[in-house]
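# Inside the fold
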Amino acid sequence: MFSLKMLIRTWRGGELGLILWSLILAVAVVTSVSLLAERIERALTQESSSFLAADLVVRSSKEAPSAWLEEALSKNIETAKIMSFSSIVFFGDDLHLASIKAVQPNYPLRGSIKRSTTPFSRDPALIEAVSYGPEKGNVWVDARLLPLLDISLGDSIDLGDTSLKVTQILVEEPDGSSYSFVGARVLMNYADIPDSGVIQPGSRVTYRYLMASDDQAAFESYVIWLKSQLDIHDRLITPDEAQASIANTMDKGRRFLLLAGSIGVVLAGIALALASHHFASGQTKQVALLKSWGISARRVRFLYAQQSLWMGLLGSLAGLLVGYAFHHILLFVVSEWLPITLPSAGSRPWVIGLATGLICLAGFTLPALWHLPAQSPLAVLRQDIVSKPVNSLVRGGLGVVAIAGLLLWYSNNIAVSMAILAGFGLTAIASVVAGLVLLRLGMQYGQRLGSVWRLALANLWRRKTQSLIQIVGFSGAIALLMIMVIVRTSLIDQWRFQLADDAPNHFLVNVAPFELDGVRNLVTDNDLNTAGWYAMVRGRMTEINGKPITDVQKDSHESFRRELNLSWTTVLPEGNKVTKGQWWDTIDLDEFSAQSTAGEIIAPVSLEDELAGELGLVLGDRITFSVGGLRFEAEMVGTRSLNWDNMTPNFYFLFPEGLLEEYPRTSMTSLYIPPEKKLLVNDILRQFPTVQVIELDKIIDRIRTIVSQVSRGLEVMTLLILGCGVLVMFAAVSLSMTERLQESAILRTLGSSRRLILGIQLIEFSGLGLMAGLLASAGAELSVAMLQHFMFDLPLSLHPWLWVVGPLSGALLVGSLGVAYSRKAVVQPPLEVLRAL
Amino acid sequence: MIEVKNVCKQVSTTEGELQILDDINLFVADGETIAIVGPSGSGKSTLLGILAGLDTPSCGSVVLNGQDITQMDEEGRASVRAHNVGFVFQSFHLLPGLTALENVALPLELNGDREALKTARNYLERVGLAHRVTHYPRQLSGGEQQRVAVARAFACKPTILFADEPTGNLDTGTGEIINNLLFDLNREEGTTLVLVTHEMNLAARCNTTLQLQAGRQMTPAENSKDTTEKEN
Ligand SMILES: Nc1ncnc2c1ncn2[C@@H]1O[C@H](COP(=O)(O)OP(=O)(O)O)[C@@H](O)[C@H]1O
Ligand SMILES: [Mg+2]
């Protein structure tokens, strides 16, 4: 406890201030970033969970073993079953092949169903969001089923042996986008299935098992268990997969949060390193005194180790509290930006915060204090005897190890850690080398300038070790801040760009050749533009490499059992990337046509990359397609990745032009329909009953909301990290303050004017800031290039403005901070200043 | 008791070997006072450091209270310092974060003394600072700070007290108070006092004077006063 007493006394003496504040702020920043990041992240996950109506879904072609549900029950995980299949529904003489979805009453587990009692209504006031499905005996149906069967709400339709009452219009299912269906949707209660008798052995049914839980740990352990139970009939679907276009945005958002947090960690580390260095140099006198009293080196080490531990614990605890308060303040500030109530965070942010404090202390403070016990007691008699600090390379190395460890643990991502470390490391090395040159140049050049300049620049050179440490601190902080701002800006720009206001929000599919002109005219009559028409034919896969598709294959993937859209094009569609094999421009298409034998052609086909993997197809495989009874063979010559970020049509199977044109084809397009022209959809459906309209406007709106929430989250994070950067600057400025104040006081005693003294400080600090800013620009440019390339998939870009803003803001910020700090030297009587030192 | 035989000190500098002290011999009996005088740079502080076991001589031996500290390692010397030695420095060396009382109590607390605060208060009273115990060094004048330092040195009950120009940073009047304190406490506690100074009148108050000139002993350490005086 004596060490605690000593610590409190040291703190009272004002020597601990900076180090303790750095520690508290380091922990506070990391804690609040993690808290905020985790809560935003959880909110995003929740949001994306609603696209799945659950946290996780298992899709299967057979009923799940009861063990799944029992295990879920024992872990307190909520489950809901869904069966989906096609079946004919009747009303009197009218019939329709509907897409039936039978759900348990607790569906959806996440998100909500939108329903209405007014068909085709788009008025939000008439649409109700509920989080349960239809009761037994009732069905909720697609509005278009009403004209198809000529019924109205309250009528009962027949499904198999049962009669079900249509009570609601189904406007939107949360997980609607994860189904592909042709017939009108009929949402019914799971309990009505047995009575209907429509499910017979051999019926094609897809089962979905929805799972959700608020207890993340339990859920994760359940998922691990569940994965071990799956076989080829089952496929696990995560929220990310459910909505690829959101997943990408959120993934980048998540990475940015990580980046921000990681930069926070590094900045905190730098601040602590600077403060510790400062603290240690202030402790030599005390250690010499203790040793002159006969306190052994071992005892000194023990005393300081104990004090450090106390400081680490108390500082970290205070940091956790401050961090908690801080994140609330931030939340309050942005509350109008974040309309959703954020879910609460788990224990991870707290653990990370505490660990940051202790690890930073071990990585930066302990090495800085390490040499103290070796301090010669003779220093009490002679000022010049100061024991050498541990080699700064060794200390730097230890710091890097601590930071790298923290970064890796924190980000769980080697690329982020490496990019940040490389960026900072290079900035630091460049700072030392170039800083020396710049300082030297400044000193020489300063000779020819006025006396203030000469004094100031000579001072910087004289204190070069300190100046260099300060430059490293400043430039590191500035570089990291610039990295943040650039990455943030380019991310947000990219999102804005890809979700332009007039991005296509409706797809028109299944347009027959004879309807094409009519639909086109309808569109142009409404002053709307399509994104161009794509023709396609519908066909099934019947054989792979000459062998018929097996039942096992059919069970494993729906693409083996349903009709596929096959399309053709000459140029690679925008946003597509060839991942394996080739595209038409590198193969000889004539050779393929030449292979045509006996009316059967062999066509080259390019598949979507992931689908090819799921189907187990490799380059060179032959696929036999059947299109309206006609067969043709295709060879898989390449795979592509698709871009889901913008809502343009994407095709899984692409052929070159001139091979499929002879088959019966339909056309599709995407277009932007503004809200006020939404009724056009009804016109199209009424005039062209076979045309399918896929409405994406609601999904796009949701994506927009999410993107804007993510963007705002990034803004908040950026602000927070900026604050952290200022802390580093502060620590770096105070590093030389004792000495500077002393010198200023002496100058003051000698009668120097306030202008001269502040002038010297201004030039010294803005000079440092300028150099640091310049070096930071270089470091940031490099780091951003790495991050954009490896982490965010953004195009490389140079930032000329950096080279202006960097040095200028550096000079301005550091200069004003330094002058503000040294004002004490001119407003207080010199004796008071000297005595307080 | 201090016994110094043939002590010398060389250091190697960029300009070659530098002889700081050369063949110093002296003997100080228990309870006696010795003044080390000489111009600035003559090696007074270096000698004091060696006598106190803060530094080692290049040759010769130093025996404190019968223990040859030149034969010891740093741990041994630290232990000798802890049990026998006290210091007063020219620049006070008070810890800024501690009150006068805590400054005095600190070395006692480090030795695990439970009565530390009580003893400290007692010694502060004896140096005339009873009313300033809760003040911090920055709130005290130079003379008051040095009085705290004197109290701190005596509170540990050292057998030998080393003072390196204790009045060097103080004006004459204030210096006089400190000097009187040192001699009074020395007499009351029976401490051996080694005093570095360049004031000849102060040296005259000591039993013995050692005059240094460029690291050499000008006169054999001799009694400037009748030894009987201190028994009065
Ligand atoms: N370790 C050392 N290295 C170089 N010079 C030293 C060292 N220690 C002492 N000196 C020099 O020896 C001389 C005597 O120093 P010091 O004992 O402090 O003198 P005094 O206290 O009498 O003024 C000074 O010139 C000092 O610079
Ligand atoms: Mg001296």
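The structure under discussion appears in the preceding block.
This write-up is about the structure you can find in this document. Values in this document were obtained by computation on a predicted structure and should not be read as measured data.

Before going further, it helps to spend a moment on the overall build of chain B. Looking only at helices and strands, one finds 7 helices and 11 strands in chain B. Relative to its full complement of 232 residues, chain B shows a buried share of 54%. Pairs at least 24 residues apart make up 66% of the contacts formed inside chain B by residues separated by at least 6 positions. If you sum the accessible surface of chain B, you get close to 9,700 Å²; carbon and sulfur atoms cover 47% of it.

This paragraph deals with the interface of chain A and chain B. Each side of the interface is counted separately: chain A has 25 residues, and chain B has 29 residues. Among the residues chain A hides against chain B, the three largest losses belong to Arg9, Trp293 and Leu381 of chain A. Together they make up 27% of the total. Counting across the chain A and chain B interface gives 3 salt bridges. A salt bridge links Lys5 of chain A to Glu109 of chain B; the nearest nitrogen and oxygen atoms lie 3.1 Å apart. Counting the contacts that link chain A with chain B gives 6 residue pairs in polar contact (both at pLDDT 80 or more). Where the side of chain A that touches chain B is concerned, the elements lending two or more residues are helix H1 (2–12), helix H8 (244–292) and helix H9 (297–333) of chain A. Broken down by element, the side of chain A that touches chain B gets its largest block of residues, 6 residues, from H8 of chain A. Class assignment of the residues belonging to the side of chain A that touches chain B gives a composition of 11 nonpolar, 6 polar and 8 charged.

Close to ligand 1 lie 13 residues, the nearest being Arg382 of chain A together with Gly41, Lys44, Ser45 and Thr46 of chain B. Those residues lying near ligand 1 are distributed over chains A and B. Between ligand 1 and Arg382 of chain A there is a distance of 2.6 Å, counted from a nitrogen atom to a side-chain nitrogen or oxygen. Out of a free accessible area of 560 Å², ligand 1 has 66% covered by protein chains. When residues in the shell around ligand 1 are grouped by element, the largest group, 3 residues, is from helix H1 (residues 44–51) of chain B. Looking at the shell around ligand 1 residue by residue, the class counts come to 4 nonpolar, 7 polar and 2 charged.

The subject of this paragraph is the packing of helix H21 (residues 737–749) of chain A against helix H22 (residues 754–790) of chain A. All names here are of chain A. Across the interface, H21 lies against H22 with an axial gap of 9 Å and an inter-helix angle of 155°. With respect to their mutual orientation, H21 and H22 come out roughly antiparallel. In the packing of H21 onto H22, the handedness of the crossing is right-handed. Between H21 and H22, the residues in contact are Met737, Arg740, Ser744, Leu747 and Arg748 and Arg754, Ile757, Ile760, Gln761, Glu764, Phe765 and Leu768, respectively. Classifying every residue of the contact of H21 with H22 by side-chain character gives 6 nonpolar, 2 polar and 4 charged.

As a further point, take a nonpolar patch on the surface. Residues Ile88, Phe90, Leu95 and Leu97 of chain A make up a contiguous nonpolar surface patch of roughly 350 Å² in combined accessible area. Counting residues per element, the ones that place at least two in the nonpolar patch are strand S2 (78–91) and strand S3 (94–103) of chain A.

Moving on to the state of the cysteines. All names here are of chain B. For the structure on display, the rule yields 1 disulfide over all chains. Through a disulfide, Cys8 is tied to Cys59; the S-S separation comes to 1.7 Å. Linking Cys8 in strand S1 (residues 2–13) with Cys59 in strand S4 (residues 59–64), this pair joins segments that are 51 residues apart in sequence. On the accessibility criterion, Cys8 (7% relative accessible area) is buried. By relative accessible area, Cys59 is classed as partly exposed at 32%.

Rules and cut-offs
- Residues numbered from 1 in each chain as written.
- Chains lettered and ligands numbered in written order.
- Predicted model: local features only at pLDDT ≥ 70, side-chain atom pairs only at ≥ 80, totals over all residues.
- Heavy atoms only, no water.
- Helix = DSSP H or I, 4+ residues; strand = E, 2+ residues; numbered from the N terminus.
- Buried < 20%, exposed > 50% of the residue type's maximum accessible area, 1.4 Å probe, protein only.
- Contact = heavy atoms within 4.5 Å.
- Areas by Shrake-Rupley, 256 points an atom, 1.4 Å probe, with all protein chains shown as cover.
- Buried area = accessible area lost by both parts, 1.4 Å probe.
- Salt bridge = Lys/Arg side-chain N within 4 Å of Asp/Glu carboxyl O.
- Polar contact = N/O pair within 3.5 Å; in protein donor to acceptor, adjacent residues only side chain to side chain.
- Nonpolar A, V, L, I, M, F, W, Y, C, P; charged D, E, K, R; others polar.
- Near = heavy atom within 4 Å.
- Axes fitted to C-alpha atoms, helices over the stretch in contact; angles between N-to-C directions.
- Parallel < 35°, antiparallel > 145°, perpendicular 65-115°, else oblique.
- Left-handed = near helix turned anticlockwise from the far one by under 90°.
- Patch = residues over 30% accessible without salt bridge, like charges linked within 9 Å, V, L, I, M, F, W, Y side chains within 5 Å.
- Disulfide = S-S within 2.5 Å.

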